[in-house]
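Here are the chains, one letter per residue:
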Amino acid sequence: MGHTRVCGAMIALLIALLLVWLVLVIVGLVAKGLFWLFVVGAILFVATAIVLWVRRRV
């Protein structure tokens, strides 16, 4: 039962990170001169999505 709670908390954290990275991507696209923010946000979004996908498969 404790393992399930920890696993659920980890997935919730990863989903929250996905939302943060998505916001960074949008801000990077909207604000001129912040293209670097778009790139960093996109890379972190993809990396977090991969971690989430791998954890859900295990």
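Anyway, here's the lowdown on the structure attached to this text. Because the structure is predicted, anything quoted here is derived from the model rather than measured.

**Focus: the overall build of the chain**
So, point 1. From N to C terminus, the chain includes two helices and zero strands.
So, point 2. Taking all 58 residues of the chain together, the buried fraction comes to 17%.
So, point 3. In the chain, of all internal contacts separated by at least 6 residues, the share reaching a separation of at least 24 is 48%.

**Details of the packing of aromatic side chains**
So, point 1. All chains considered together, the criterion is met by one aromatic pair.
So, point 2. Taking the centre distance of 5.5 Å and the plane angle of 35° together, the rings of F35 and F38 count as tilted. Here the residue F35 and the residue F38 both occupy positions in helix α2 (residues 35-57), the gap between them amounting to three residues, near one helical turn.
So, point 3. In this structure F38 comes out as partly exposed when scored by relative accessible area, which is 22%.

**As for a nonpolar patch on the surface**
So, point 1. Taken together, I15, L19, L22, I26, L29, V30, F45, V46, I50, W53 and V54 make up a surface patch of nonpolar side chains, about 1100 Å² in accessible area.
So, point 2. Those elements that place two or more of their residues in the nonpolar patch are α1 (2-30) and α2.
So, point 3. Its location among the elements puts F45 in helix α2.

Conventions adopted
Residues numbered from 1 in each chain as written. Predicted model: local features only at pLDDT ≥ 70, side-chain atom pairs only at ≥ 80, totals over all residues. Heavy atoms only, no water. Helix = DSSP H or I, 4+ residues; strand = E, 2+ residues; numbered from the N terminus. Buried < 20%, exposed > 50% of the residue type's maximum accessible area, 1.4 Å probe, protein only. Contact = heavy atoms within 4.5 Å. Phe/Tyr/Trp six-rings, centres within 6.5 Å; stacked < 30°, edge-to-face > 60°. Patch = residues over 30% accessible without salt bridge, like charges linked within 9 Å, V, L, I, M, F, W, Y side chains within 5 Å. Areas by Shrake-Rupley, 256 points an atom, 1.4 Å probe, with all protein chains shown as cover. Salt bridge = Lys/Arg side-chain N within 4 Å of Asp/Glu carboxyl O.

None of this, on its own, says anything about what the molecule does.
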